[in-house]
Each structure stands twice: as C-alpha cells, then as structure tokens.
Amino acid sequence: MKNLKATLICEFLKLKRSGIFWITVTLFIFIPMMFGLMLYISQNPDLMAKLGLIGTKAKLFGENDWNGYFGILNQSIATIGLIGFGFVTSWIFGSEYTNRTMKDLLALPVSRTNIVIAKFIVAIVWCLLLVLVFIVVAVFAGRTVGISGWNTEHISRLIYRFFAIAFMTMLLCTPVGFFASYGRGIIAPLGFVIVTLILAQFMGISGLGPYFPWAIPGVYSVTGTVPGMVLTTASYFILIITSIAGFAGTALWWRLADHH
Amino acid sequence: MNEIIVTEKLTKHYKDVTAISDISLNVRKGEIYGFLGLNGAGKTTTIRILLGMIRPDSGNAYINGQRVEKDNIGMWTQTGYLVEVPYSYPNLTVRENLEIIRQMRSLHKNSIDNIIEKLKLQPYANRIAKNLSLGNAQRLGLAKALIHKPDILILDEPTNGLDPAGIFEIRELLMDMAANHGVTVFISSHILGEIARLATRIGIIHEGKLIQEVDTQKLEQLCQKKLQVNTINPKIARSLLAQNGFLFTPSEDGVLESLNPELVSHPEKVASLLVNGGCPPTMLAVKEEDLESYFLRIIGINGGVL
C-alpha cells in the first residue's frame, strides 16, 4: 500500500508537469461550449438559415429542451470520450516508452503491478476531471442560451445518466493501456482507438452494438427501444470482462514481457 | 557472501540471432568488474538480464545470492543501475526527477540534496531535464543510480557524454565507493582505456560469448611485447638475423619485428649482431602492446596488430 501511494505521487507529479493535461482540459471546455453555440443557433431560425452548413448541423439538436440537449451530450461523451480517454491512457502508458524512462521503473523495490494500478488510477482521475469539466461547461452553456424547462430533479437524473455513459466509456481505457505497453509508444494505442471507434459505428448500424464493447456506451446513450439498440445483461458483462481483460493484460505485460 | 553478482550460462536469442551464449561470470564484493565489448557484443543484454528486464532463454542470474526473477523486488533495494543513455522525464526538473526515484525507493528527503551535491548538480537542480546538456543528463542518470547509496552498482556505459573532467570525477567516485565502502560495481564499456584505469577485473565479451576474464593487474603480463628493428637495408639485416637463428618478420612499413622473448629481454644481442655484420640498426625498440591492441587480438580483429 505504501508503494502504491509513492507510485501515485510520482504519477501525479508527471501529470502536473505535462502540457498534455491542460490541452485535454481546454478541449473538454471547448467542445460543450460549441454545443451551447449550436443550441443557440438552433433556437434562432433566422440565424440558422444564414449560417448554411452550421445551421443545418444545428438542426440535429432537435427539440430545444434539456432532454434533447442531454441526448446530444450523452452521444458525444460516448464517442469523444472513447477518443479522449483513449488518448489520456495512451499518453500515461506510452510516454514512458517515448520518453525512454520505462527502464527506470523496472528494477525498483516497487512491484510493476502497483505501477500499472497507479497509472490506471491516474487515468481514471484525469478522465473524471474531464467529464466533470465537460458537464459543468455544458450545463452552464445550456443555462446561458436559455434552454427551457429547468427542473433540478430531472436534470440530476439526466446528469446521472451522462455519468453512467462516461463511466462505461472509461472502463474501455484498460485495453488501450495494454496496446500502449505492447506497442511501446503512443501510435499503436491511438490506432487501436480509431479502429474500435470505426468498428463501433459499424457494429451499431449492423445491430450488434449491444455485444461489441466499444459500441455499448453509445448504444446506452440512445434512449428508445429500437431493435439492436437495447443493452442486455450480457452487454454489461461484456463491458466489464473487456475492462478486466485489458487491465490483466497490461499488468501481465509489465510483469512478464521482455523490456528492451 | 563474497560473490555478489553471479551468472550461470546465460543465453538469450532474439529470433534467430544469438545475443548472448553461455555467459558465466561472478563479481566479488568490493570489486569493479569491467565488462568490455564492441557495440552489439551482448553487454546490454547481459545487464538487462541482471536487472530482470528481460528473461534469459536459459541460465540464471543472481544478485546478492538471490535469483533474479520477476517477483523478487526486494533485491533492488540495494542495487543502483544505469542502462544505456539515461533518459529522464523531460518536463520535470532535475530535483523532480530525483523526487520520483526518492518516492519509489522510500528514501529520506535529504537524499536528494546529498546526491545533487555529490554529483555537482546544484546549478541545474531546478532546470527541466529536456534542457540539460548530454553530460548533465548523464550526471542525472548517475544520481538516480546512486541516490540510495547502493551496495551494488550496475552501470552500462556510465561515462558516455561526460567531458574528461567529468569522466575523472566519476572514476574517482566509483573507485572510492568500491575501495572504501565495499560497493560492488559492474560496469560495461567499449572504452578500453577507461575500463583499464577503473576496473579491478575485466571480462571481454565478443559476439555474445565471454571470451576472457582477467585481473587488471595481470593485464600487463598478458600484453605482448615485441622487438622492432630498422636498418638502412632491412633485407640484408633480416637475412643476417635469420642466419643466427633469429626470425624477424617485416611489418607493413618495413620495420622488422620479433616476438621472441629472449630478444625482447636482450635487444643488445641484436644490436651487436647487426653492428658486427656491417648493418647497424637505425632504430631498435621494445614495443609493448596496449590494451586496445590486446583487445583486438583477443577478439580476433586485425590479428592484434600493434
């Protein structure tokens, strides 16, 4: 436990000094602000007509109420989260290889599994912070543009659902950690994230979304009873097993692989 | 326990390439063991196996009597290491990089100031690592290896990038640690002169095989000595010497050379012979093989030409 604490302190120190952290925070502020802007455009038909393509996109926001707005936010966090959280995990694991500091971590009186755990904890904390920033800015933007029908109890339920989707997306970080370690850098895990994102879209369309881990948060974000877009108990198991497999794979790789 | 670092028939292949084969060596307490070899000879592979970073295909490595294996992390408490070019977290300062190691090794806060002072890193303590010169980055790497005052040091090319003053400083530091504090040092290098000055014993590795181990003190005896003679007419001189039973061979630049120990000990015999034969020497010298030539001869490159 003492070792884990020391490892966590080290990981947070690295995070504190990295420019990447602030870049991701800025992006997760910028994106919901854009959603707020789109919502504002969608509320003003004259402006929507003048803005051409942007105006057309703004129509996607549909109903100008909190339900419609959160529908967009939920789908966004399922896809943007997949990329954003994947990037965060890629950086946490992959930068040890790109900075060539990995070898400094391998012959210390600290177990490599503890280092992997600390890295995933930092990834989760970092991602949670991004989610928090995202939702605070999104709600603030929604209030600013004057979405009608604010009800604290209802909004709390919407936020709870949003966090559930974000959490499901975060669970998919662990295989990214494995690919960053196996690929010894940042390129391989980012490639993996892009492939899973494309596959998730394809699986969603083909009705297999509830059984493909990377499509599950997206399916959950879509409210309704459309066949092929409803999660089953098996979906949750698949998600959890994928996450556990990703963690175990990463820990085993650190422990057993040859580190050149 | 006198044998601190031991390897038993270490072998490692990368696909169809044999990186090291049957490497067996042992390093005694307080010894500075110089591991000498050309680039790609297998030095770093051996060091990575010693540090548990890669697993051998066969054979075992022991540090302080404990077998090097994945779960035996306690053995690294008293081991300091530096593998190849030392890299640090580029956005962290020198002090912060050392803080990472201090935390990982559960050391007292003073240990950072002590090692910064010892390795003369005070002017750079708050400089971020990516802005360090190669020499100071190397010092930071050494600081990370030495911060916990280890009993065992495993260093791969530790003086790379250091200027002559820095090399001297590190050499003195390592020699002091070994002689006065009983620290066992395993140091790899391809710089022969450096190893000769520092090590108490040298192991020569070539193409993955340990081809010789020798005490540095005995090295002088092992280095070949040869007698070199030059005259106005080397052809006549060579024939004159041959008639008296002394075989000389001409070098590329026409100088006559002999490895005959009798002649090396008594060059005056050759001088008398040539003077009496009417072919006086213009140059007569006993030349001792330097370590570089010895090394090249041992690994079979250039036939050990002096």
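These numbers were taken from a predicted model, which means no experiment stands behind them. (Residues numbered from 1 in each chain as written. Chains lettered and ligands numbered in written order. Predicted model: local features only at pLDDT ≥ 70, side-chain atom pairs only at ≥ 80, totals over all residues. Heavy atoms only, no water.)

Can you walk me through the overall build of chain A in this structure?
Along its length, chain A carries 11 helices and zero strands. Secondary structure elements of chain A occur, N-terminal to C-terminal, as α-α-α-α-α-α-α-α-α-α-α. Taken over the C-alpha trace, chain A has a radius of gyration of 20 Å; the compact-globule value for 260 residues is 18 Å, and the two agree within 12%. Per-residue burial for chain A yields a buried fraction of 52% across its 260 residues. Summarising the internal contacts of chain A: among those between residues at least 6 apart in sequence, 77% fall at separations of at least 24. Surface accessibility of chain A: about 11,900 Å² in total, with carbon and sulfur atoms responsible for 72%. (Helix = DSSP H or I, 4+ residues; strand = E, 2+ residues; numbered from the N terminus. Rg over C-alpha atoms; globule rule 2.2 N^0.38 Å. Buried < 20%, exposed > 50% of the residue type's maximum accessible area, 1.4 Å probe, protein only. Contact = heavy atoms within 4.5 Å. Areas by Shrake-Rupley, 256 points an atom, 1.4 Å probe, with all protein chains shown as cover.)

Would you explain the environment of B:Ala285 in this entry?
All names here are of chain B. Residue position: Ala285 is located in strand S14 (residues 281-288). Judged by relative accessible area, Ala285 falls into the partly exposed class, the value being 27%. Separated by 58 residues in sequence, Ala285 and Leu227 have C-alpha atoms that sit 5.8 Å apart. Ignoring any residue separated from it by four or fewer positions in sequence, one finds Ala285 in contact with Lys226, Leu227 and Gln228.

I tried to follow the interface of chain A and chain B on my own but got confused; where do I start?
At the interface, 30 residues of chain A touch 30 residues of chain B. Taken together, both faces of the contact between chain A and chain B bury some 3,000 Å²; the carbon and sulfur share is 59%. Counting the surface chain A buries against chain B, the share from its top three residues, A:Lys103, A:Ala107 and A:Pro109, is 20%. Inspection of the chain A/chain B interface yields three salt bridges. Where B:Lys12 meets A:Asp258, a salt bridge forms, and the shortest distance between an N and an O atom there is 2.5 Å. (Buried area = accessible area lost by both parts, 1.4 Å probe. Salt bridge = Lys/Arg side-chain N within 4 Å of Asp/Glu carboxyl O.)

Would you mind going over the nonpolar core with me for this structure?
As a rule of thumb, nonpolar side chains are buried together in soluble globular proteins. Residues and elements named next belong to chain B. Core analysis: the largest hydrophobic core is formed by 110 residues, its most contacted members being Ile154 and Phe186. Look past the residues within four positions of Phe186 in its chain and what remains in contact with it is Ile5, Leu25, Val27, Tyr33, Phe35, Ile47, Leu50, Leu153, Ile154 and Leu155. Judged by nonpolar contacts, the second largest core, of 46 residues, contains Ile32, Leu174, Leu192 and Val214. (Core = buried A, V, L, I, M, F, W, Y, C linked by side-chain atoms within 4.5 Å.)

Honestly, the pairing of strand S8 (residues 184-189) of chain B in this entry has me stumped. Any pointers?
Residues in a regular strand project their side chains so that they alternate between the two faces of the sheet. All names here are of chain B. Of all six residues in S8, six are buried, a share of seventy percent or more. Residues Thr184, Phe186 and Ser188 of S8 are buried on one face, and the alternating residues Val185, Ile187 and Ser189, pointing to the opposite face, are buried as well. As defined by bridge partners, strand S3 (residues 32-36) adjoins S8 across five bridges and the pair is classed as parallel. Counterpart to Ile32 in the pairing with S8 is Val185. Bridge count for strand S7 (residues 152-156) against S8 is five bridges, and the pairing is parallel. Pairing of Ile152 across the sheet is with Thr184, part of S8. (Pairing = 2+ DSSP bridges.)

Can you walk me through the sheet that holds S8(B) in this structure?
The strands making up a sheet are joined through hydrogen bonds of the backbone, oriented either antiparallel or parallel. Residue and element names in this part refer to chain B. One open sheet holds the six strands; their spatial order is S6-S7-S8-S3-S9-S10, and the pairing between them is mixed. Among the strands making up the open sheet, the edge pair consists of strand S6 (79-82) and strand S10 (209-215). Strand-to-strand, the axes of this sheet are offset by a mean angle of 15 degrees, without reference to chain direction. Set on the sheet, helix H4 (residues 134-146) makes contact with S6 and S7; between it and S6 the angle comes to about 160 degrees. The strands that helix H11 (residues 291-299) touches are S3, strand S9 (201-206) and S10; relative to S9, the one it contacts most, it runs at about 45 degrees. (Axes fitted to C-alpha atoms, helices over the stretch in contact; angles between N-to-C directions.)

Is there a simple way to explain the domain arrangement of chain B in this structure?
In many reports, interface size means the accessible area that the parts give up when they come together. In terms of domain boundaries, chain B breaks down into domain 1 (3-218) and domain 2 (225-288). Taking only C-alpha atoms into account, the centre of domain 1 of chain B sits 47 Å from that of domain 2 of chain B. (Domains from an automatic or database assignment.)

Just to check I follow, could you spell out the pattern of salt bridges for this structure?
Two side chains of opposite charge can pair, provided their charged atoms sit close to one another. All names here are of chain B. Considering all chains together, one arrives at 20 salt bridges over all chains under this definition. Asp57 is the salt-bridge partner of Lys12, the closest N and O atoms lying 3.8 Å from each other. Taken as a pair, Lys12 in strand S1 (residues 3-14) and Asp57 in the loop between helix H1 (43-50) and strand S4 (58-63) lie far apart in primary sequence, 45 residues in all. Accessibility expressed as a relative area gives 5% for Lys12, which makes it buried. Here Arg201 makes a salt bridge to Glu31, at a shortest N to O gap of 2.9 Å. One end of the pair, Arg201, is in strand S9; the other, Glu31, is in the loop between strand S2 (17-28) and S3, with 170 residues separating them in the sequence. Taking the relative accessible area as the measure of exposure, Glu31 reaches 8% and is therefore buried.

What should I look at first to understand the side chain of B:His148 in this one?
Tracing the backbone shows B:His148 in the loop between H4 and S7. Within the structure, B:His148 has its side chain in polar contact with the side chain of B:Arg105 (distance 3.5 Å). (Polar contact = N/O pair within 3.5 Å; in protein donor to acceptor, adjacent residues only side chain to side chain.)

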